[in-house]
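Chain residues, written in single-letter form:
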Amino acid sequence: MSAILTEAPPRTGNITSVPSAPPPSDQRKPLSKKELAADHPTSCPGCGDFSVLALYFKLIEKRKLWHEKITTIAGIGCSSRFPYFVQAHGAHYIHGRALPFASGISLSRPDLHVFVFGGDGDAFSIGGNHFNHTARKNIKMTYVVMDNWVYGLTKKQTSPTSPLGFKSKTDPWGAVDYPINPMKQAIAAGATFVARTTHTNPNHVLQMMEAAMDHDGFSFVECLSECVEFYEGAFDASNPRKGGAFNVVPADHDVTNEMAAYKLADEPFPGYFGIFYKVTKPTKNAKEAAIGAAAREKVKGLKDWQILQQTFDKLK
Ligand SMILES: Cc1ncc(C[n+]2csc(CCOP(=O)(O)OP(=O)(O)O)c2C)c(N)n1
Ligand code: SF4
Ligand SMILES: [Mg+2]
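Below: a short report on this structure. (Residues numbered from 1 in each chain as written. Chains lettered and ligands numbered in written order. Predicted model: local features only at pLDDT ≥ 70, side-chain atom pairs only at ≥ 80, totals over all residues. Heavy atoms only, no water.)

## Here's the deal with the layout of surface pockets
Each pocket or cavity is described by its volume, and for the largest pocket that value is around 350 Å³. Lining the largest pocket we find 22 residues, and of these Trp149, Asn181, Arg196, Glu267 and Phe269 sit closest to its centre. Looking at the lining of the largest pocket, the elements with two or more residues in it are α7 (182–189), β8 (218–224), α9 (258–265) and β10 (272–278). Classifying every residue of the lining of the largest pocket gives 14 nonpolar, four polar and four charged. (1 Å grid on protein atoms, 1.4 Å probe; cavity = no way out; pocket = protein on both sides within 12 Å on 5 of 7 lines; lining within 4 Å. Points joined across faces, edges and corners; volume = space filled by probe spheres on them. Helix = DSSP H or I, 4+ residues; strand = E, 2+ residues; numbered from the N terminus. Nonpolar A, V, L, I, M, F, W, Y, C, P; charged D, E, K, R; others polar.)

Spelled out as structure tokens, the structure:
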């Protein structure tokens, strides 16, 4: 019969290196692109997702975010491959399920910056329901959807943002279903920060990602990102270099006015770029933290076994 172990066995061997704590933030150098880049991005040359990735690196460098303080989460799709390309914690999760996974991280580790990246299919088709629920719960994270109006990874199927008439492998005669409007959907679902940008304007992408990161709540950024392989030229009308128009949100727009935000979102393509909607509301993170603190207060000073005993006594 084996002996019952009542205490931990003595450690054997020498501990040669003990990980040291990082120096204080103000003494650390911002992370460089070299320190942040992991696998070489596998996107097709010219894909809009390249610039979004480069601007994510820039954001991390500019705002002095550290490896141990960021997490990069994604579902499945070309745009969802970011976690492979970023040298930080993160997960390339199930198609459409990035948001619930990210929600768990955000709620359990409120000290982290949780960034979620994905595509229009991942966000609004298979992940459509998760999008609505994460937005309404106002869970703190930044969600950047690289909208290319097509399923890129699986080689050209109609997506929920493909315009009517778009010819694809699933709609060889042209798309017949009315596309969704991501901005309207985000506002209606309860997102507390809703912005729109395009990969062809890097400064604007960075500005929107930064504002989104600073928002205390669920922040959503729709970033037009051209799929040069399966929907070339989709966004030319929004690109001044291709003869299009890049119109920023009018300076007198009230970002707290929901109806005004819908109105902006209702403009025909290319519409406006900038922050459409931004309001302050308590986050689920804050509400859960308050519940936890109140519960801990009730058992303050008690040992674990005493808390258990109290629970058993209540069951009697
Ligand atoms: C459950 C499940 N269904 C379908 C797929 C196949 N699939 C992978 S990515 C994808 C669509 C991706 O489109 P989008 O999110 O727009 O990303 P993009 O590749 O355009 O960046 C689909 C249908 C899958 N991987 N898992
Ligand atoms: S298929 Fe389209 S979305 Fe995917 S990497 Fe190539 S250009 Fe980008
Ligand atoms: Mg897509």
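## Comments concerning the coordination of the magnesium ion (ligand 3)
Each protein donor to the magnesium ion (ligand 3) is listed here as Asp120 (OD), Asn148 (OD1) and Val150 (O); together their distances run 2.1 to 2.2 Å. Sequence spacing of the donors to the magnesium ion (ligand 3): D-x27-N-x1-V. Of this pair, aspartate 120 sits in helix α5 (residues 120–124) while asparagine 148 sits in the loop between β4 (141–147) and β5 (150–151), and the two are 28 residues apart along the sequence. (Donors = N, O, S within 2.8 Å, 3.2 Å for Na, K, Ca; no water.)

## Examining the pairing of β4
Most of β4 sits out of view: seven of its seven residues are buried. Across the two faces of β4 the burial is the same, with Met141, Tyr143, Val145 and Asp147 and Thr142, Val144 and Met146 all buried. Of the strand pairs in this sheet, strand β3 (residues 113–119) and β4 are connected by five bridges, and their pairing is parallel. Residue phenylalanine 115 lies in a different strand from β4, and its bridge partner there is threonine 142. (Buried < 20%, exposed > 50% of the residue type's maximum accessible area, 1.4 Å probe, protein only. Pairing = 2+ DSSP bridges.)

## A few points about the packing of helix α4 (residues 98–108) against helix α6 (residues 128–137)
A pair of packed helices can be characterised by two numbers: the angle between their axes and the separation between those axes. Two numbers describe how α4 lies on α6: the axes approach to 8 Å, and their chain directions differ by 30°. Judged by the inter-axis angle, α4 sits roughly parallel to α6. In this structure, α4 uses Leu99, Pro100 and Ser103 to contact α6, whose residues at the interface are His130, Phe131 and Thr134. (Axes fitted to C-alpha atoms, helices over the stretch in contact; angles between N-to-C directions. Parallel < 35°, antiparallel > 145°, perpendicular 65-115°, else oblique. Contact = heavy atoms within 4.5 Å.)

## Focus: the site of ligand 2
For ligand 2, the full set of nearby residues is Ser43, Cys44, Cys47, Cys78, Asn148, Gly152, Cys227, Val228, Glu229 and Phe230. Partitioned by chemical class, the residues of the shell around ligand 2 number six nonpolar, three polar and one charged. (Near = heavy atom within 4 Å.)

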